[in-house]
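# Secondary and tertiary structure notes
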Amino acid sequence: MSSTTLTPPAGVAALYREVWRHAHGVRLRWAGAMLLLVVSQLLKLSVPWFTAQAINSLQGGGPQAEDALKAAWWIAAIVGVYAAAWALHGPGRVLERSVGVRVRRSVSDALYGKLMRAPLAWHDRHHSGEVQHRVGQASQALFDFAQNYSSSTCKTPSTCWGRWSP
């Protein structure tokens, strides 16, 4: 007789799968948040290029006033890029947080639904405070991932690309 044990999937992909499953009704909002955060990161990746252009214009060897004016325009472009990146990042984080709230509610509802179907003997063996604590921990963990770590995942590839690109 073979016994099979179910092991839950591990890793970030499993967390994304669970967020997607519990984000029913707000999946488009979550995709929009991810899009805003990715575009914000892509804009931030252009800052080193603008900085290099400002430095190059100062080292150009032409008239100093003209070079300083060019550098000022490049620096203004840097400020504009950061403003645009934050204009995208802020709404993306707000959308991401609203999805996290929905995910937390969905996880809690699903777990409490399972608890309601548990036999009375099971409830006698498990303290209600401990069960409530575990439900709260599970829903809070997925909420934290949905609202914090998913945006960090958007930053990681762009940071690696910026670090090791030619």
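For clarity, every value in this text was computed on a predicted model and none was experimentally measured.

This part is about the overall build of the chain. For the chain, the helix and strand inventory stands at six helices and zero strands. In sequence order, the chain lays out its α and β elements as α-α-α-α-α-α. Across the 166 residues that make up the chain, the buried fraction comes to 25%. Here the contacts in the chain between residues at least 6 apart in sequence split such that 79% fall between residues at least 24 apart. As displayed, the chain offers around 11,200 Å² of accessible surface, 65% of which is attributable to carbon and sulfur atoms.

What follows deals with the pattern of salt bridges. Counting across every chain of the model gives three salt bridges. One salt bridge in this structure joins Arg 21 and Glu 18, with 2.6 Å as the shortest N-O distance. In this pair, Arg 21 and Glu 18 are both assigned in helix H1 (residues 12-22), three residues apart and thus about one turn of the helix distant.

All chains considered together, the criterion is met by six aromatic pairs. Taken together, a centroid distance of 5.8 Å and an interplanar angle of 45° make the contact between Phe 50 and Trp 74 tilted. Of the two residues, Phe 50 is situated in helix H3 (residues 47-58) and Trp 74 in helix H4 (residues 64-117); the sequence distance between them amounts to 24 residues. What makes Phe 50 buried here is its relative accessible area of 16%.

This paragraph deals with the side chain of His 22. Residue placement: His 22 occurs in helix H1. In this structure the side chain of His 22 is engaged in a polar contact, spanning 3.2 Å, whose partner is the side chain of Arg 21. Residues in contact with His 22, not counting those within four places in the same chain, are Arg 102, Val 103, Ser 106, Val 107, Ala 110 and Leu 142.

Moving on: the nonpolar core. Grouped together as the largest cluster of nonpolar side chains are twelve residues: Val 19, Ala 23, Val 26, Trp 30, Met 34, Leu 37, Val 99, Val 103, Val 107, Leu 142, Phe 145 and Ala 146. Where this core is concerned, the elements lending two or more residues are helix H2 (27-45), H4 and helix H6 (128-164). Setting aside anything within four residues of it in sequence, one finds Val 99 in contact with Ala 23, Val 26, Arg 29 and Trp 30.

This brings us to H3. For H3, spanning twelve residues, the distance from its first C-alpha to its last is 17 Å, which sits close to the expected 16 Å at 1.5 Å a residue. Turning to H3, its buried residues are Val 47, Phe 50, Ala 54 and Ser 57. Each buried residue of H3 lies within a common arc of 90° when the element is viewed along its axis, so the set occupies one face.

Criteria and cut-off values
- Residues numbered from 1 in each chain as written.
- Predicted model: local features only at pLDDT ≥ 70, side-chain atom pairs only at ≥ 80, totals over all residues.
- Heavy atoms only, no water.
- Helix = DSSP H or I, 4+ residues; strand = E, 2+ residues; numbered from the N terminus.
- Buried < 20%, exposed > 50% of the residue type's maximum accessible area, 1.4 Å probe, protein only.
- Contact = heavy atoms within 4.5 Å.
- Areas by Shrake-Rupley, 256 points an atom, 1.4 Å probe, with all protein chains shown as cover.
- Salt bridge = Lys/Arg side-chain N within 4 Å of Asp/Glu carboxyl O.
- Phe/Tyr/Trp six-rings, centres within 6.5 Å; stacked < 30°, edge-to-face > 60°.
- Polar contact = N/O pair within 3.5 Å; in protein donor to acceptor, adjacent residues only side chain to side chain.
- Core = buried A, V, L, I, M, F, W, Y, C linked by side-chain atoms within 4.5 Å.
- Expected span 1.5 Å × (residues − 1).
- Arc of directions from axis to C-beta.

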